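# Topology and contacts: notes
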Amino acid sequence: MYPPSLSARVTLLALLSASTLYFLYKSRRRRRRRHDLPLASTDPDGDGGGGGALPCRRGKLLFISQTGTSAALARRLLSLLASNGLPFDLVDPRSYEPEDLSKESLVLMVASTWEDGKPPENGRFLADWLAESAADFRVGSLLLSRCKFAVFGVGSGAYGARFNAVAKDLSAKMRALGAAEILPVSLGDVDKGDVDGVFDIWSQKLIAVVKGGEDGGVILENGVGIGGESESESDGGFESDEDGESGDESMVVDLEDIAGKGPSRKSGPVAQINGKANGTREMVTPLIRTSLEKQGYKIIGSHSGVKICRWTKSQLRGRGGCYKHSFYGIESHRCMEATPSLACANKCVFCWRHHTNPVGKSWQWKMDDPLVIVDTAIELHTKMIKQMKGVPGVTQERLSEGLSPRHCALSLVGEPIMYPEINALVDELHRRHISTFLVTNAQFPEKIKMLKPVTQLYVSVDAATKESLKAIDRPLFGDFWERFIDSLRELKDKQQRTVYRLTLVKGWNTEDIDAYSNLFSIGKPDFVEIKGVTYCGSSATSKLTMENVPWHADVKAFSEALALRSKGEYEVACEHVHSCCVLLAKTDKFKVDGQWFTWIDYEKFQELIASGKPFDSRDYMAATPSWAAYGADEGGFDPDQLRYRKERHHKSNR
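These figures come from a predicted structure and were not determined experimentally.

### Some points on the overall build of the protein chain
Counting secondary structure elements, the protein chain contains 19 helices and 24 strands. By the burial criterion, 54% of the 654 residues in the protein chain qualify as buried. By sequence separation, contacts in the protein chain at least 24 residues apart represent 77% of the contacts at least 6 residues apart. In the structure as shown, the protein chain presents an accessible area of about 29,700 Å², 52% of it carried by carbon and sulfur atoms.

### Thoughts on the pattern of salt bridges
In this structure the tally under the stated criterion is 23 salt bridges. A salt bridge links E282 to K366; its shortest N-O distance comes to 3.9 Å. One end of the pair, E282, is in the loop between β9 (276-278) and α7 (286-294); the other, K366, is in the loop between β13 (359-360) and α10 (370-386), with 84 residues separating them in the sequence. Taking the relative accessible area as the measure of exposure, E282 reaches 38% and is therefore partly exposed. As a salt-bridge pair, R431 and E428 come within 2.6 Å of each other at their nearest N and O atoms. A residue pair is termed a helical-turn pair when its members lie 3 or 4 positions apart in one helix, as R431 and E428 do in helix α12 (residues 422-431) at 3 residues. Take R431: its relative accessible area is 57%, and that puts it in the exposed class. Through salt bridges with shared partners, one network takes in R58, K60, D89 and E104.

### Examining the packing of helix α3 (residues 124-135) against helix α4 (residues 165-176)
Packing of α3 against α4 brings their axes to within 9 Å, and their N-to-C directions diverge by 40°. One way to sum up the angle between α3 and α4 is to call them oblique. Judged by the sense of rotation from one axis to the other, the crossing of α3 with α4 is left-handed. Contact residues: α3 offers L130, A131 and A134, while α4 offers L170, K173, M174 and A176. For the contact of α3 with α4, the residue count by class is 6 nonpolar, no polar and 1 charged.

### Some details on the packing of aromatic side chains
Going through the model one piece at a time under the given rule, you end up with 20 aromatic pairs. Ring plane angle 85° and centroid distance 5.9 Å describe the contact between F327 and Y328, whose orientation is recorded as edge-to-face. The same class applies to F327 as to Y328, namely buried. A network of ring pairs unites the aromatic residues Y323, F327, Y328, F437, F527, F590 and Y602 as a single cluster. Here the basic side chain of K307 rests over the ring of Y297, its NZ or CZ set 4.8 Å away from the ring centre. Seen from the ring of F637, R643 lies directly overhead, with NZ or CZ sitting 4.2 Å from the centre.

### Focus on the environment of S70
With respect to the secondary-structure elements, S70 resides in helix α2 (residues 69-83). Of the polar contacts made by the side chain of S70, one reaches the side chain of S112; its length is 2.4 Å.

### A few points about the environment of C581
On the secondary structure map, C581 appears in strand β20 (residues 581-586). Given a relative accessible area of 0%, C581 falls into the buried group. Separated by 50 residues in the primary sequence, C581 and K531 have C-alpha atoms spaced 4.3 Å apart. Not counting the four nearest positions on each side in its chain, C581 is found in contact with Y323, F327, I530, K531, H552, E575 and H576.

### Concerning the nonpolar core
Counting 81 residues, the largest nonpolar core has V461, F484, Y500, L502, L519, I530 and L562 as the members making the most contacts within it. By residue number, the principal contributor to this core is α10, which donates 7 residues. Ignoring sequence-local partners within four residues, the contact set of F484 consists of A442, Q443, S460, V461, A463, L469 and L519.

### Some thoughts on α12
The element α12 is largely enclosed, with a buried count of 7 among its 10 residues. Among the residues of α12, I422, N423, L425, V426, E428, L429 and H430 are the ones counted as buried. Check the buried side of α12 and you find it contacts β12 (335-339), α10, β14 (407-410), β15 (435-440), α13 (445-450) and α19 (602-611). The first or second residue beyond α12 is H433, which carries a positive phi of 60°.

### A short note on the sheet that holds β15
Adjacent strands of a sheet form backbone hydrogen bonds with each other and so pair up, either parallel or antiparallel. The strand order across the open sheet formed by 10 strands is β10-β11-β12-β14-β15-β16-β17-β18-β20-β19, and the pairing between neighbours is mixed. The two strands at the open ends of the sheet, each matched to only one other strand, are β10 (298-300) and β19 (570-576). Put simply, the sheet's adjacent strands are angled 25° from each other on average, direction ignored. Pairing of strand β11 (residues 304-307) with β12 involves 3 bridges; the strand directions are antiparallel. Residue pairing across strands places V306 opposite A338, the latter belonging to β12.

### Some words on the pairing of strand β6 (residues 186-189)
Of the two faces of β6, the one holding S186 and G188 and the one holding L187 and D189 are both buried throughout. The sheet contact formed by strand β4 (residues 148-155) and β6 spans 4 bridges and is parallel. Across the sheet, the residue bridging to V154 is G188, located in β6.

### Considering the environment of A632
If you trace the backbone, A632 turns up in the segment after β24 (621-622). Classification of A632 as buried rests on a relative accessible area of 19%. Residues A632 and C574, 58 residues apart in the sequence, show an inter-C-alpha distance of 8.7 Å. Contact partners of A632, with chain neighbours within four places excluded, come to E575, S626 and W627.

About the criteria used
The numbering scheme is per chain: residues are counted from 1 as the chain's sequence reads. Totals for whole chains, interfaces and linings use all residues, but because this is a predicted model, local features are given only for residues with pLDDT of at least 70 and pairs of side-chain atoms are given and counted only at 80 or more. Neither water nor hydrogens contribute to the side-chain values; these are computed over all heavy atoms in the structure. Numbering of helices and strands starts at the N terminus; helices are DSSP runs of H or I of at least 4 residues and strands are runs of E of at least 2. Each residue gets one of three labels from its accessible area relative to the maximum for its type: buried under 20%, exposed over 50%, partly exposed in between, using a 1.4 Å probe on protein chains only. In this analysis, two residues are considered to be in contact whenever any of their non-hydrogen atoms come within 4.5 Å of each other. Residue exposure ignores everything except the shown protein chains as possible cover, and the areas themselves are Shrake-Rupley values with a 1.4 Å probe. One side-chain nitrogen of Lys or Arg within 4 Å of one carboxyl oxygen of Asp or Glu is enough to make a salt bridge. Convention adopted: a line fitted to C-alpha atoms gives each axis, helices being fitted over their contacting stretch, and angles between N-to-C directions are expressed from 0 to 180 degrees. An angle below 35 degrees is read as roughly parallel, one above 145 as roughly antiparallel, one from 65 to 115 as roughly perpendicular, and any other as oblique. By definition, turning the near helix anticlockwise from the far helix through less than a right angle yields a left-handed crossing, and turning it clockwise yields a right-handed one. Three classes are used, and their members are as follows: Ala, Val, Leu, Ile, Met, Phe, Trp, Tyr, Cys and Pro are nonpolar, Asp, Glu, Lys and Arg are charged, and the others, Gly among them, are polar. Any two of the Phe, Tyr and Trp rings considered here, Trp counted by its six-membered ring, make a pair once their centres fall within 6.5 Å; the pair's planes then place it as stacked at under 30 degrees, edge-to-face at over 60, or tilted in between. Only lysine NZ and arginine CZ atoms are considered, and such an atom sits over a ring when it is within 6 Å of the ring centre and within 35 degrees of the ring normal. Any N or O atom pair separated by 3.5 Å or less is treated as a polar contact, with the protein-specific requirement of one donor-capable and one acceptor-capable atom, and with residues adjacent in sequence counted only for side-chain atom pairs. Take the buried Ala, Val, Leu, Ile, Met, Phe, Trp, Tyr and Cys residues and link them wherever side-chain atoms come within 4.5 Å; each set so joined is a nonpolar core. Two strands qualify as a pair provided DSSP detects at least 2 bridges between them.

Now the structure itself:
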């Protein structure tokens, strides 16, 4: 074979060049035609009769929502669009056929990100369809070439690489299928607490683009519009570890679907108060405040709260106290339930606040003074006590006692130990002769180590294995198990009374008796409280039903088996049948000559605190009354109180 001539080579090169130029021309022409399509019909009837405009389907506004926040934002946007003469249909993707996307001219999406970066249930089919279509070579990249779209996402920055994963993925998949993004995907980072304002700004930009304003719907190759930021920029340059958690452990956020977004996810400057971090923004946003106040909380300052407990009301009426009255001698009508931090680092499946409080991994909010918190908490608590005047059963003596609280349960909601001035707050309570019962969720071991003596320190032990703890507590930290174990280790070094608090959820953690027993040797707690989970009604944030609530007999059986595994180190000491709760206590400390000493000498504790000298849990224990002992006929009900039984009108199952 002879080598090709020079003329043949030139001819071949010319053909290749012509072909390349032709395809470039076709590509640019196709792109120009796509962006020349009308964004939305200005004809209210959508029939194309508006001044000779091209026929166009009404725009679609889709919401992907778990708790209803994204749906509420979508309804707000729908009203704004309508007021600007832009007709849209509000659509739940659950009832939408994704194949119709190819027929749409403009689609707007407001999307939340749920657990593990997945979409809420009502948007799963749509998200799956987009993912499968984008990955199917038979579909091609022009399926949605006539469709324009924009996405607003609501997500939690604490999830690192999974931050707003649903909104990002929707944007990427729509573009992969040929749709044109008229605005860059707007990522609502809830740690900024201003979702309403940022959503309104995004909405106004959207209106300007759809109506052909100064932005004019210009789309760049990377999906960024005029004045926008690229997806990589809006992600803040965050890197993730193997667990998908943010590499910046200082990030703090509100619950993903309850608060707002800021213009970027970069941390702002942090001020210092007494050498401790003090942010410039408030923890409690207006939306969170409204939600908590509806539940009866009194919000203190920018991050604390107080609420009257139903057992406080009950003992004011002489109808019995809570399990802490039976186990430790607390006067329930003189107990104040409060917290200096409404934020938490977990989103437990049994959260009785339905996740309406913020979540976060460290403190970067504005910080209130501990003295102001204590003063305001007592003031608000006593106001709620005064409202009990005249209620049947409330005597003047008990009312007067209730107006002078002697106990503070720092377990209302959130993670009290996150508050940087927790030691100063505890000191202030002790100065007023108010005992302290502090509960921590075992995610801040360094805070436990630094904590000053409290009357009784609790650690929530919601599960005994790494897998079940992740499933039940849904922690924000990637190293949650290591933090959990380290928290238990720190508990062992405390000289005052310590407690493991177990919440039994049938079908979730009631089978791990051996694993729970193995945890005893780590923290060496004085007591182990074992309580059946309280059913708090249906919620979009929890999958629990009444089937997950154990009977008192189940709790007793679990407790007895756990005590047996300890080989005599712990025994069942008390029970409170009404609360479905049992107490295990260390026999070498609190069982003296066959008598349990689980109660607390509160005056002695205050004397020990005031002395400034070292002391331990034996120094302020008191004898447990017989009616509170395990197996007593009273079942933990104080015989000096009047038992009140509600009339039940439930239908028989038979």
